[in-house]
Amino acid sequence: MRCRECGAEYELQATHVCEMCFGPLDVVYDQAALKKVVSRDRIEKGPKSMWRYRDLLPVEDSVPVVTLGEGMTPLVKAERLGAELGLRNLYLKNDSMNPTNSFKDRVVSVAISWARAHGFETIACASTGNLANAVAAYAARAGLECFVFIPVDLEPAKVVSIGVFDPNVVAVRGNYDEVNRLCSQLVESTPWAFCNINIRPFYAEGSKTLTFETAEQLGWKLPDEIIIPIASGCQFVRHRQAARELVEYGLVREDRVPKFTGAQALGCAPVYNAFKSDTPERVLPVKPNTIARSIAIGNPSDGMYVNRIALETGGVVEAVTEEEIVAGIRLLARTEGIFTETAGGVTISVLAKLARAGRWNGDEVVVAYVTGHGLKTADVLATANGHSRRVEIEPTLKSFREVVKI
Amino acid sequence: MGRRRLKLIFGSAMVKEPVIYQLGKQFALVTNIRRADVTRDQGWVLLEITGEAEELDRGVAYLESRGVKVEPAEGDLVE
Ligand SMILES: Cc1ncc(COP(=O)(O)O)c(C=O)c1O
Ligand SMILES: [Zn+2]
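Computed from a predicted model, the values in this text were never measured in an experiment.

### Some details on the interface of chain A and chain B
Link 1 in the chain: Contact with chain A, which involves 34 residues of that partner, is made by 26 residues of chain B.
Link 2 in the chain: For the pair chain A and chain B, the summed buried area comes to about 2900 Å², and 46% of that belongs to carbon and sulfur atoms.
Link 3 in the chain: Among the residues chain A hides against chain B, the three largest losses belong to Phe22(A), Arg282(A) and Asn299(A). Together they make up 24% of the total.
Link 4 in the chain: For the interface between chain A and chain B, the tally reads nine salt bridges.
Link 5 in the chain: Where chain A packs against chain B, one counts 22 residue pairs in polar contact (both at pLDDT 80 or more).
Link 6 in the chain: Of all the secondary-structure elements, those providing two or more residues to the side of chain A that touches chain B are helix 7 (176-189) and helix 8 (200-205) of chain A.
Link 7 in the chain: Take the side of chain A that touches chain B: its biggest share by element is eight residues, from helix 7 of chain A.
Link 8 in the chain: Looking at the side of chain A that touches chain B residue by residue, the classes come out as 13 nonpolar, 13 polar and eight charged.

### Here's the deal with the sheet that holds strand 1 (residues 2-10) of chain B
Residues and elements named next belong to chain B.
Link 1 in the chain: The strand order across the open sheet built from four strands is 2-3-1-4, with neighbouring strands paired in antiparallel fashion. Either end of the sheet is taken by a strand with one partner, and the two such strands are strand 2 (30-38) and strand 4 (69-72). Strand-to-strand twist in this sheet, taken as the mean axis angle between neighbours without regard to direction, amounts to 25 degrees.
Link 2 in the chain: Helix 2 (residues 53-65) rests against strand 1, strand 3 (43-51) and strand 4 of the sheet, and its axis sits at about 5 degrees to strand 1.

### Let's talk about the coordination of the zinc ion (ligand 2)
All names here are of chain A.
Link 1 in the chain: Taken together, Cys3 (SG), Cys6 (SG), Cys18 (SG) and Cys21 (SG) make up the full set of protein donors to the zinc ion (ligand 2), lying 2.3 to 2.4 Å away.
Link 2 in the chain: Angles of 97 to 117 degrees at the metal separate the four donor atoms of the zinc ion (ligand 2), which places the site in the tetrahedral class.
Link 3 in the chain: Here the donor residues of the zinc ion (ligand 2) share one chain and are spaced in sequence as C-x2-C-x11-C-x2-C. Taken as a pair, Cys3 in strand 1 (residues 2-3) and Cys18 in the loop between strand 1 and strand 2 (25-26) lie far apart in primary sequence, 15 residues in all.
Link 4 in the chain: The class of Cys18 is buried, set by a relative accessible area of 0%.

### Describing the packing of aromatic side chains
Here the distance between the centres and the angle between the planes together describe a pair of aromatic rings.
Link 1 in the chain: Evaluated as defined, the whole model comprises eight aromatic pairs over all chains.
Link 2 in the chain: The lysine or arginine in question, Arg5(B), covers the ring of Phe22(A), its NZ or CZ lying 5.9 Å from the ring centre.
Link 3 in the chain: Positioned over the ring face of Trp44(B) is Lys7(B), at 5.0 Å from the centre of the ring.

### Considerations on the nonpolar core
For soluble globular proteins, the rule of thumb is that nonpolar side chains tend to be buried together.
Residue and element names in this part refer to chain A.
Link 1 in the chain: Among the nonpolar cores identified, the biggest contains 87 residues, and Leu81, Leu92, Phe149, Phe194, Ile348 and Leu351 are the most heavily contacted of them.
Link 2 in the chain: The greatest single-element share of this core, amounting to eight residues, is contributed by helix 14 (residues 342-356).
Link 3 in the chain: With sequence-adjacent residues up to four places away left out, Ile348 is seen in contact with Leu81, Leu92, Gly328, Leu331, Leu332, Ala368 and Val370.
Link 4 in the chain: The next biggest cluster of nonpolar side chains, apart from the first, holds 38 residues, and it includes Ala132, Leu144, Leu154 and Cys195.

Each value, and the rule that gives it
Residues numbered from 1 in each chain as written. Chains lettered and ligands numbered in written order. Predicted model: local features only at pLDDT ≥ 70, side-chain atom pairs only at ≥ 80, totals over all residues. Heavy atoms only, no water. Contact = heavy atoms within 4.5 Å. Buried area = accessible area lost by both parts, 1.4 Å probe. Salt bridge = Lys/Arg side-chain N within 4 Å of Asp/Glu carboxyl O. Polar contact = N/O pair within 3.5 Å; in protein donor to acceptor, adjacent residues only side chain to side chain. Helix = DSSP H or I, 4+ residues; strand = E, 2+ residues; numbered from the N terminus. Nonpolar A, V, L, I, M, F, W, Y, C, P; charged D, E, K, R; others polar. Pairing = 2+ DSSP bridges. Axes fitted to C-alpha atoms, helices over the stretch in contact; angles between N-to-C directions. Donors = N, O, S within 2.8 Å, 3.2 Å for Na, K, Ca; no water. Tetrahedral: all angles 85-135°; square planar, octahedral: opposite > 155°, others 65-115°. Buried < 20%, exposed > 50% of the residue type's maximum accessible area, 1.4 Å probe, protein only. Phe/Tyr/Trp six-rings, centres within 6.5 Å; stacked < 30°, edge-to-face > 60°. Lys NZ or Arg CZ within 6 Å of the ring centre and 35° of its normal. Core = buried A, V, L, I, M, F, W, Y, C linked by side-chain atoms within 4.5 Å.

Any link to function would need more than the numbers given here.
Put into structure tokens, the structure is as follows:
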């Protein structure tokens, strides 16, 4: 592992920050050795899951992986949404089709596989929803003890879909910051693998597969631009790395790297705020207040790296209002038949906003990452004025003909 | 003995205050700065503090009482 800030190197271990400078640690690979084995052919012959990219993940060949068949989710060409936005080559990577309906299954599958193989008996996480859902499911699958820390006021629907896997749920009587602080102290004093904390470097690597698959599904080509929702910014950074690896190992036909564009909710937009400022690498924390709770991280660990990458690749970071988030969810459902959660609403409405502002001429290959399923946040639609095309009739043909014009 | 890796975030009012010096002086804590980015009107410092658990809590409470935002060094972890 290597420190992203000072370059200090470490043996592979359950640590996520550099002892010297407290910078984040990234897993590094033996590139020369990988160059000899990695090929399109070898990947295509692999399993129909993200584990076809195993050579590029930090789990040794001898280790049995903990899998529920995550990854290889559909990349669909969005003809109707594209037509509405003036994009002839718009694609959606529908990661809500993962086993627990969010992209978190990718990261958790890698994290728990690594942890189990390296002697951890208890898996833990601090989460407001999607992560806890994935961790509880994969811990059950792996037969490991599981502790999930949630804020005490987490929505009942989320608590149910976590609880069904029977983890130890610790509902912390405190606000979000206090859960955060408690967990960072627990890491120091328990022998547990916290997916998003001490084994974060392994966890993070799982997100690369989303971009690997996108390239493979486009016929081993990288798109011109990718739109990614940003919470901690962790996956955004790994997607840039994935593009680098696709080029380095000769998996894609050209060496052009996509523009990486980030999407945030204005109600929690620390990365966007910094992007718009004169000092994009100085990301100041905010207090989150948005319906997009799965991406409401006020002090994102990777915020400055997101802006660095967006600028380096020619991407942007854009943000949308609460109304636009709901409109984004409806737009995607109405045009493409895909029901996404609020984080997807953020992504789609940022896509729409940029398209309507004339960012593209129409021929670019643009991919939006739809990272979570709509049933996770269905309540935001229920409160948003029901459904406008509903009618009520008597159970008679007469009534039907009077009310419905066909 | 325990330790905490903290990110201290300062607003314009606090940048000139010697709070880290005070922290080490008023509490039985060893402070160790790892990285910082401070300008005239804002800044952050990555700080390690070592001491007994109760003293660590008191030290953090002191920082907050002085108007410093205190977070884990790696940022928000609740995903
Ligand atoms: C559905 C969904 N999309 C996007 C994200 C953002 O990922 P990251 O924290 O890596 O920026 C998350 C979680 O944090 C999520 O749950
Ligand atoms: Zn370092």
